[in-house]
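# A structural walkthrough
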Amino acid sequence: MRRIVLTGVVVAVIVAVAATVTLIVLRRGQPERPPSAAPSSTVEETGPPAIATSEGPFLAGPVGPPKQGSYLGAWVRPDHLTEPGRVAAMTAYEKELGRKMAIVNTYRRFDENFINDSDRAFTARGSTMMLSWAGGDTRLITMGRYDDLIRQRAKELKAFGHPVLLRYRWEMDRPNLRAQMWSGADYVAAWKYVRAIFNQEGATNASWVWCPTAEGFQGGYAADFYPGDDQVDWTCVDVYAGTKYGEIGALMRPFLEFCAKHPSKPVMIGEFGIARSWGTAQRAAWLRAASTTFKVNPQIRAVLYFESDPTDNKGPTNQYMLADDPGALDAFRTSLAQDAYYRPMAAKASK
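First things first, this report covers the structure right here in the doc. (Residues numbered from 1 in each chain as written. Predicted model: local features only at pLDDT ≥ 70, side-chain atom pairs only at ≥ 80, totals over all residues. Heavy atoms only, no water.)

For the rest of this paragraph, the subject is unusual backbone geometry. Note the cis peptide between G56 and P57, where omega equals 5 degrees. Within the secondary structure layout, P57 lies in the loop between helix 2 (20–28) and strand 1 (71–76). In this structure, R169 takes a positive phi of about 35 degrees despite not being glycine. Position of R169 among the secondary structure elements: in the loop between strand 4 (164–168) and helix 7 (178–181). (Helix = DSSP H or I, 4+ residues; strand = E, 2+ residues; numbered from the N terminus.)

Put into structure tokens, the structure is as follows:
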């Protein structure tokens with residue numbers, strides 16, 4: 001995850017703005033610095049690690065994995081953060097790729113309503129929504145401070161009625177979230193507390209997605225936040241080649257080793273991307289290698305691209321959009337979007 005160390009003043013401003021794009025900036029931005037030295041060639045990585053090789057059976061909740069292959073999805077940042085703008089941005093992206101996304105990712109603050117008109121539009125056409133929900137201070141949650149808010153979100157989800165992927169406080173292992181998360185044990189307690197309220201309210205149409213960072217697994221601390229097989233429906237990771245380049249197989253290896261120890265859980269790549277700074281040829285090679293890595297690890301059953309650039313940081317090491325890089329977009333189109341392996345559509349929404 002490419003991110004920025006924020007001062008208290010900046011955090012206060014971000015909270016005041018209270019917009020989804022601002023939330024994404026908080027997650028995605030990072031101090032701009034020269035990128036690490038680029039690889040000496042653009043040759044695709046060879047021999048990606050085949051580690052997470054479980055093919056089920058999987059216990060995944062209401063949104064189960066495809067029987068074969070992988071779902072393909074994305075977050076696509078709209079030019080204008082409106083309901084029509086969100087639909088227009090995704091529609092234009094899908095037109096470029098020649099297909100619909102099986103999963104549409106979107107972001108919610110802790111205090112923000114879950115279901116909007118655009119979510120209903122995406123669901124009506126056959127896509128499954130993934131709600132990336134920011135969460136709150138873990139200790140305040142378990143103290144009961146937010147019970148009313150959590151119950152309201154649960155009621156909204158139950159009323160929606162369709163199967164949803166709920167990515168609760170993704171990237172909880174980020175160091176700059178430690179003041180809210182406190183510790184792995186606190187996060188696990190909060191996860192269980194929130195999920196119990198959803199169950200009490202009958203909001204059982206959510207598959208719960210646990211999604212740390214690739215860096216957290218590389219550093220050996222992500223697993224401390226795992227709530228347990230009985231609490232998690234999908235295991236997940238966010239992986240990027242941004243300010244620091246890495247072959248995707250190497251970046252994901254520690255996460256894949258974790259997944260191999262939990263073979264009953266389907267795996268999702270909640271966000272992945274390669275920054276503009278690495279150039280079109282290297283981006284294309286990385287994306288082709290990503291597809292190969294996903295395929296040789298059949299426990300991976302959903303992959304979602306992060307089609308977005310931060311709004312407050314235009315440096316190329318933090319820009320992941322492919323739509324304005326024809327060569328990279330073509331590699332994504334041919335290696336993922338038009339590959340039959342990624343053709344399954346997620347479970348059709350039905351009340």
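Moving on, we get to the pattern of salt bridges. By the definition in use, this model includes 19 salt bridges. One salt bridge connects R333 with E96, and the closest N-O pair in it is separated by 3.7 Å. Placement of R333 in helix 12 (residues 326–337) and of E96 in helix 3 (residues 83–97) is noted, with a sequence separation of 237 residues between them. Between D330 and R333 there is a salt bridge, and its shortest N-O distance comes to 3.0 Å. You can see D330 and its partner R333 sitting in helix 12, three residues apart, about one turn around the helix. The network of salt bridges with shared partners includes R86, R108 and D119. (Salt bridge = Lys/Arg side-chain N within 4 Å of Asp/Glu carboxyl O.)

The next point concerns the state of the cysteines. A complete count under the given rule lists one disulfide for this structure. Looking at the unpaired C259, the closest cysteine sulfur is the one in C236, lying at 9.2 Å. (Disulfide = S-S within 2.5 Å.)

The next subject is the pairing of strand 8 (residues 300–307). When you tally the buried positions in strand 8, you get eight out of eight residues, the bulk of the element. Bridge count for strand 1 against strand 8 is six bridges, and the pairing is parallel. Looking at the pairing, G73 lines up with L304 of strand 8. Once you follow strand 7 (residues 267–274) into helix 11 (residues 279–295) and on to strand 8, the crossover reads as right-handed. (Buried < 20%, exposed > 50% of the residue type's maximum accessible area, 1.4 Å probe, protein only. Pairing = 2+ DSSP bridges. Right-handed = clockwise from strand over helix to strand, strands pointing away.)

Looking at the secondary structure, you find R86 in helix 3. Judged by its relative accessible area of 7%, R86 is buried. One polar contact links R86 to D119, side chain to side chain, over a distance of 3.2 Å. Non-local contacts of R86, meaning those with residues more than four positions away in its chain, are made with P78, H80, T106, R108, N116, S118, D119, F122 and M129. (Polar contact = N/O pair within 3.5 Å; in protein donor to acceptor, adjacent residues only side chain to side chain. Contact = heavy atoms within 4.5 Å.)

To continue, consider the packing of aromatic side chains. The relative placement of two aromatic rings is captured by the distance of their centres and the angle of their planes. Counting across every chain of the model gives 30 aromatic pairs. Centroid distance F272 to F294: 5.4 Å. Interplanar angle 80 degrees. Geometry classified as edge-to-face. Taken as a pair, F272 in strand 7 and F294 in helix 11 lie far apart in primary sequence, 22 residues in all. Each of the two residues, F272 as well as F294, counts as buried. Among the aromatic residues, those joined into a ring-pair cluster are F110, F114, W133, Y146, Y168, Y187, W191, F198, W208 and F225. Its end group placed over the ring of W170, R169 keeps NZ or CZ at 4.4 Å from the ring centre. (Phe/Tyr/Trp six-rings, centres within 6.5 Å; stacked < 30°, edge-to-face > 60°. Lys NZ or Arg CZ within 6 Å of the ring centre and 35° of its normal.)

Strand order in the closed barrel formed by eight strands is 1-2-3-4-5-6-7-8, with parallel pairing between adjacent strands. On average, adjacent strands in this sheet sit at an angle of 30 degrees to one another, irrespective of strand direction. Sheet topology places strand 5 (residues 206–210) next to strand 6 (residues 234–241); two bridges connect them, and they run parallel. In the sheet register, W210 faces strand 6, and the bridge partner there is T235. This element, helix 6 (residues 147–160), spans strand 3 (128–133), strand 4 and strand 5 of the sheet and lies at about 175 degrees to strand 3. Lying on the sheet, helix 8 (residues 184–200) is in contact with strand 3, strand 4 and strand 5; it crosses strand 5 at an angle near 175 degrees. (Axes fitted to C-alpha atoms, helices over the stretch in contact; angles between N-to-C directions.)

For the rest of this paragraph, the subject is the layout of surface pockets. In this structure, the second largest pocket spans a volume of roughly 230 Å³. It is helix 3 that provides the largest number of residues to the lining of the second largest pocket, a total of six residues. Grouping the amino acids of the lining of the second largest pocket by side-chain chemistry returns eight nonpolar, two polar and four charged. (1 Å grid on protein atoms, 1.4 Å probe; cavity = no way out; pocket = protein on both sides within 12 Å on 5 of 7 lines; lining within 4 Å. Points joined across faces, edges and corners; volume = space filled by probe spheres on them. Nonpolar A, V, L, I, M, F, W, Y, C, P; charged D, E, K, R; others polar.)

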